[in-house]
Amino acid sequence: MKAIRRFTVRPVLPESLRPLSDLARNLRWSWHAETRDLFQSVDPECWAASGGDPVRLLGSVPPARLAALAGDRRFLRRLRAAADDLNDYVTGDRWYQTQSAELPTAVAYFSPEFGVTAALPQYSGGLGILAGDHLKAASDLGVPLIGVGLLYRHGYFRQTLSRDGWQQEHYPVLDPHELPVAQLKEADGTAAQVSLALPGGRSLRARIWLAQVGRVPLLMLDSDVEENDLGERGVTDRLYGGGSEHRLLQEMLLGIGGVRAVRTYCRLTGHPEPEVFHTNEGHAGFLGLERIAELGERGLDFDAALEAVRAGTVFTTHTPVPAGIDRFDRELIARHFGAEAELPHIDVERVLRLGMETYPGGEPNLFNMAVMGLRLAQRANGVSLLHGQVSRGMFAGLWPGFDPEEVPITSVTNGVHAPTWVAPEVLRLGARQIGAQRAEDALTVGGSERWDAVGDIPDQEVWDLRRDLREQLVVEVRERLHASWRQRGAGAAELGWIDGVLDPDVLTIGFARRVPSYKRLTLMLRDRDRLMDLLLHPEHPIQIVVAGKAHPADDGGKRLVQELVRFADDPRVRHRIVFLPDYGMAMAQKLYPGCDIWLNNPLRPLEACGTSGMKAALNGCLNLSVLDGWWDEWFQPDFGWAIPTADGSGTDPDHRDDIEAAALYDLLEQRVAPRFYERGQHGLPDRWIEMVRQTLTLLGPKVLAGRMVREYVDRLYTPASHAHRAMTPAAAGELAVWKARVRAAWHGVTVDHVETASATATAELGTTLVLRVRVGLGGLGPDDVEVQAVSGRVDSEDRITDAATVPLKPTGGPDLEGRWVYEGPLSLDRTGPYGYTVRILPNHRLLASGAELGLLAVPSQELAEGAGVLMR
């Protein structure tokens, strides 16, 4: 019989065991081995059955066992030590508190998904895992961050396979009362709520759940409340589900409702109000509109409020392709904002202008969430050096006239949270080598360029560790494969072959990620005979573990999964290649350490960063990857191998896949596998072990989330907080008026004449020329602009590369025609083809970049041709 109502019965813990509840409710246990060990000792069987979730564990331990523990003095000593350690961690000074700079009092970090632990399944892939790692690293460093997201009742889907290998999706219902979260409550004990106005006089209400991630509160909004109509209750039903309006409501709730949730949390707890708002991808972009509306209620007009909001906003873009960005029809946006809906005091046209693609090549009827994110943020970044470059090209239309390298989008390369992803065995080896505290600091705070202590670990210990981790993976794979085949309908008698799947002494390759087409799950199947030869090689065999989910609406991705599964089902190779369904955090934490090689073969440059290879590297796994994302930036032959690419614009996609697959097979056959099996004089693979050692020594410190978050603090959060403080209401009003005046007058800004002291077409290295420029400033004055000389090497089409800029100074007042003369030195500091030009940019003390307004004046074509601007 089916229950008509479900609720959670919580155990009453004896007084001496109450700290267990506090430990379970703080998600630090998910990356703190000692706390997990303590929970496991409560009841090992219940711990295994709970999937390593302390909240579920405490709900299932028999009362007799709890009573026994309440009188177990040894257990109670461990419990007190764990509780004291957590208290020290949460309240003590950490890296952030020891910095001398004026840092932000608080930062709000918004993301549509957060992958903190498998016990809180609110993530679909890399974006969410990155956001979870960002929170954990911020907690370890003591950064006063507030996370903001949504609580999805179905999370992301669970994946199984049909008998013929087709992906099946399942959406289990998550009861928040069974998750490691607590409701945020008002002082009178009622549930704290936020509310959004919808068209037609309806409203969307949401409760606020709090997940404590170490020191960092994570606020999660849940629309499944009784006051909502059925449609509104389903807004937070599942991650990335539903049609356009459903997605829009999710993003309005995340951005607008999220700001209201932050205000509520700060009011109830006394937490400092954020000075900086960080938008992790465009989904949360509406947060800027809510903050403009807040300032409007305090008397600022829209333009001044926009400047105040921009000053304290950081926007991170994660996609290298326009198709990866959420875009909505103009009419849909217009219906949900304005007098009859949300933010009624903001003119709908002002809202629309923030997101419309009003640049060459844009679609003017579409509202682009990333474009809005960039227009509402004074600081923006991509997530690797290459992705920053791709993003500057992709969004260059917002800054017309500027070379892509000058587009004000920087990059902070992603990192991963080592305590979450490094196997306990690797951590213990590090602790034995340098001590537990130093090892913990190295993995969390980071800051060192090298981990030289790795060089002192004997080769035999390194190799024994790698073999042990590989063996653990083999056991894990067999268990998961057996469960998968039972779900696919196989009887137990059919599955004896699984006991022989994988071999702990065979070179093991891992490939696990989402399955969009650009990640090329099936590139390895391009030449199946060659792959079979590699898998079954008599002397240098390889084995491959594959996992990944296709988006539920992506039938093309599902076909790729099916193709891979059918190959892995072949009795000739099924002991050497496996596909594991339902890839998630719990599987990943076993997979990364157990692999020798981490394979990544996306279409370059479509991988923004890709952090799975970083997690593998921290466990001593070598990378075999296309030079994309982070690998393009940090690849060295010491750390692994680069798969050559055929990414010229004229290359046929099929031909490109053939070329790159052949390159992959060649690398595996000729270089990777032979090195793994090659033995030195002591019977060990000396050269392989040295690559593992170099990976840990040199790559390990780079890939840390601690390094990433410190970069955000130094390069983005701190400048944003200073800009926020400088942008008083009066300053914001002044800047808004100034921008309007500059835009109105810019058509009159001209470069009229350029001359130098040299009349020849050649010059000697070290020569300094005097540059004189006559400019028209329209209705503007010298304080409103900067006149620059731009010089550097030139290419065959006279484009200046590696440019240097020098500001020129006015020599006096305007002449009789109202023109100004500027002068300055031009140093010829490089040999070869060399050129210069002159340009005029807006200039104001409150601008973060000269490109901020997207305005530029340069010499006319006729003037450039007659001025001798190129010297060879």
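Definitions and limits used
Residues numbered from 1 in each chain as written. Predicted model: local features only at pLDDT ≥ 70, side-chain atom pairs only at ≥ 80, totals over all residues. Heavy atoms only, no water. Helix = DSSP H or I, 4+ residues; strand = E, 2+ residues; numbered from the N terminus. Rg over C-alpha atoms; globule rule 2.2 N^0.38 Å. Buried < 20%, exposed > 50% of the residue type's maximum accessible area, 1.4 Å probe, protein only. Contact = heavy atoms within 4.5 Å. Areas by Shrake-Rupley, 256 points an atom, 1.4 Å probe, with all protein chains shown as cover. Lys, Arg positive; Asp, Glu negative; His and termini not counted. Charge placed at Lys NZ, Arg CZ, Asp CG, Glu CD. Pairing = 2+ DSSP bridges. Salt bridge = Lys/Arg side-chain N within 4 Å of Asp/Glu carboxyl O. Axes fitted to C-alpha atoms, helices over the stretch in contact; angles between N-to-C directions. Parallel < 35°, antiparallel > 145°, perpendicular 65-115°, else oblique. Polar contact = N/O pair within 3.5 Å; in protein donor to acceptor, adjacent residues only side chain to side chain. pLDDT = per-residue confidence, 0-100.

Some words on the overall build of the protein
Here comes step 1: Across its full length, the protein holds 29 helices and 28 strands.
Here comes step 2: Taking 872 residues into account, the globule formula puts the C-alpha radius of gyration at 29 Å, and the protein, at 29 Å, falls close to it.
Here comes step 3: Taken over the C-alpha atoms alone, the protein extends approximately 95 × 70 × 50 Å along its principal axes.
Here comes step 4: A burial count over the protein gives 56% of its 872 residues as buried.
Here comes step 5: Within the protein, residue pairs in contact and separated by at least 24 positions form 73% of the contacts whose partners lie at least 6 positions apart.
Here comes step 6: Counting only carbon and sulfur atoms, one obtains 50% of the accessible surface of the protein, whose full area is about 35400 Å².
Here comes step 7: Across the protein, the 94 positively charged side chains and the 116 negatively charged ones have centroids separated by 4 Å.

Thoughts on the sheet that holds strand 22 (residues 768-777)
Here comes step 1: With antiparallel pairing, the four strands of this open sheet are ordered in space as 21-22-26-25. Sheet topology places strand 21 (749-756) and strand 25 (809-810) at the edges, where each strand pairs with a single neighbour.
Here comes step 2: Looking at chain direction, strand 25 and strand 26 (residues 820-827) are connected through two bridges and run antiparallel. Residue pairing in the sheet places proline 810 in a bridge with tyrosine 822 of strand 26.

Structural notes on the pattern of salt bridges
Here comes step 1: In total, this model carries 63 salt bridges according to the counting rule given.
Here comes step 2: With a shortest N-O distance of 2.8 Å, glutamate 342 and arginine 260 are connected by a salt bridge. Pair noted here: glutamate 342 is in the loop between helix 12 (330-336) and helix 13 (348-355) and arginine 260 is in helix 9 (residues 244-269), with a separation of 82 residues, a long-range link.
Here comes step 3: Overall, glutamate 342 belongs to the buried group, its relative accessible area being 5%.

A word on the packing of helix 7 (residues 126-141) against helix 27 (residues 705-726)
Here comes step 1: Viewed as axis vectors pointing N to C, helix 7 and helix 27 meet at an angle of 80°, and their least axial separation amounts to 8 Å. Between helix 7 and helix 27, the crossing angle belongs to the class labelled roughly perpendicular. Counted together, Leu130, Asp133, His134, Ala137, Ala138 and Leu141 of helix 7 and Ala705, Gly706, Met708, Val709, Arg710, Tyr712 and Tyr717 of helix 27 form the full contact between these two elements.

Remarks on the side chain of asparagine 228
Here comes step 1: Residue position: asparagine 228 is located in the loop between strand 8 (216-222) and helix 8 (230-233).
Here comes step 2: The exposure class of asparagine 228 is buried, given its relative accessible area of 4%.
Here comes step 3: Here arginine 205 takes part through its backbone oxygen, which lies 2.7 Å from a polar atom of the side chain of asparagine 228.
Here comes step 4: Polar side-chain contacts of asparagine 228 include one of 2.7 Å to the backbone oxygen of serine 223.
Here comes step 5: Here asparagine 228 is in contact with Ser203, Leu204, Arg205, Ser223 and Arg233, once residues within four sequence places are set aside.

Describing the confidence of the model for the protein
Here comes step 1: Confidence in the prediction for the protein averages 93 pLDDT; 97% of positions are at 70 or higher.
Here comes step 2: Confidence drops under pLDDT 50 across residues 868-872; counting only partners more than four residues distant or on other chains, this segment forms 21 contacts.

A short note on the sheet that holds strand 17 (residues 577-580)
Here comes step 1: On the basis of which strands lie adjacent, the open sheet formed by six strands has the order 17-16-15-18-19-20 and parallel pairing. Each of the sheet's edge strands pairs with one partner strand only, and the pair in question is strand 17 and strand 20 (640-643). Neighbouring strand axes in the sheet, compared pairwise and without regard to direction, differ in orientation by 20° on average.
Here comes step 2: Of the strand pairs in this sheet, strand 18 (residues 597-600) and strand 19 (residues 622-626) are connected by four bridges, and their pairing is parallel. Its bridge partner being in strand 19, tryptophan 598 is matched across the sheet by asparagine 623.
Here comes step 3: Contacts from helix 20 (residues 528-535) reach strand 16 (542-547) and strand 17, with the element oriented near 115° to strand 16.
Here comes step 4: Along the sheet, helix 21 (residues 555-568) makes contact with strand 16 and strand 17, crossing strand 17 at roughly 135°.

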